[in-house]
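Given next are the chains, with one letter for each unit.
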Amino acid sequence: MSLTLTAPTAEANVLAPREQEALRHIAAGRTYLQTARHMGLSKHTVDAYLRRIRAKLNINSTAEMTRMAITLGL
């Protein structure tokens, strides 16, 4: 598996602020429900944000999302 990472700022600019916030919570080890409660959203909205993040950044797993959050400094 080869990885091509672009500049963190370019990746961060692709994500909306709420998507970045959701990513930060998931990377911190929170569940979708915990993330939803912290953000004042439904679990389904958090799921939608995370699906969009995966699509935008071509990410397939939570581990990859966590690594990307670290790379982005979230």
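Residues numbered from 1 in each chain as written. Predicted model: local features only at pLDDT ≥ 70, side-chain atom pairs only at ≥ 80, totals over all residues. Heavy atoms only, no water.

1. Some words on the overall build of the protein
Line of reasoning, step 1. Along its length, the protein carries five helices and zero strands.
Line of reasoning, step 2. The order of helices and strands in the protein, counted from the N terminus, is α-α-α-α-α.
Line of reasoning, step 3. Of all 74 residues assigned to the protein, the portion counted as buried reaches 34%.
Line of reasoning, step 4. Within the protein, contacts between residues at least 6 apart in sequence are counted, and of these 51% link residues at least 24 apart. (Helix = DSSP H or I, 4+ residues; strand = E, 2+ residues; numbered from the N terminus. Buried < 20%, exposed > 50% of the residue type's maximum accessible area, 1.4 Å probe, protein only. Contact = heavy atoms within 4.5 Å.)

2. Digging into the packing of helix H4 (residues 43-57) against helix H5 (residues 62-72)
Line of reasoning, step 1. Interhelical geometry of H4 versus H5 gives an angle of 75 degrees and a closest axis separation of 11 Å. The angle between H4 and H5 places the two elements in the roughly perpendicular class. Seen from H4, the contacting residues are Leu50, Ile53, Arg54 and Leu57; seen from H5, they are Thr62, Met65 and Met68.
Line of reasoning, step 2. The residue makeup of the contact of H4 with H5, split by class, is five nonpolar, one polar and one charged. (Axes fitted to C-alpha atoms, helices over the stretch in contact; angles between N-to-C directions. Parallel < 35°, antiparallel > 145°, perpendicular 65-115°, else oblique. Nonpolar A, V, L, I, M, F, W, Y, C, P; charged D, E, K, R; others polar.)

3. Re the nonpolar core
Burial of nonpolar side chains together is a common tendency in soluble globular proteins.
Line of reasoning, step 1. Judged by nonpolar contacts, the single largest core of 16 residues is most densely connected at Leu15, Leu23, Leu50, Ile53, Leu57 and Met65.
Line of reasoning, step 2. Sorting the residues of this core by element identifies helix H2 (17-27), helix H3 (32-39), H4 and H5 as the ones contributing at least two each.
Line of reasoning, step 3. It is H4 that provides the largest number of residues to this core, a total of five residues.
Line of reasoning, step 4. In this structure, leucine 50 is in contact with Ala22, Leu23, Ile26, Tyr32 and Met65, ignoring residues within four places of it in sequence. (Core = buried A, V, L, I, M, F, W, Y, C linked by side-chain atoms within 4.5 Å.)

4. So, the environment of histidine 38
Line of reasoning, step 1. Note on placement: histidine 38 falls in helix H3.
Line of reasoning, step 2. The spatial distance from the C-alpha of histidine 38 to the C-alpha of alanine 22 is 9.4 Å, given a sequence separation of 16 residues.

5. Points about the side chain of glutamate 19
Line of reasoning, step 1. Here glutamate 19 is to be found in helix H2.
Line of reasoning, step 2. Apart from the residues lying within four places of it in its own chain, the contact partners of glutamate 19 are Val14, Tyr49, Arg52, Ile53 and Lys56.

6. Regarding the packing of H2 against H5
Line of reasoning, step 1. Their axes nearest at 9 Å, the elements H2 and H5 cross at an angle of 115 degrees. One way to sum up the angle between H2 and H5 is to call them roughly perpendicular. The hand of the H2/H5 crossing is left-handed. The segment H2 lies against H5, with Leu23, Ile26 and Ala27 engaging Thr62, Met65, Thr66, Ala69 and Leu72. (Left-handed = near helix turned anticlockwise from the far one by under 90°.)

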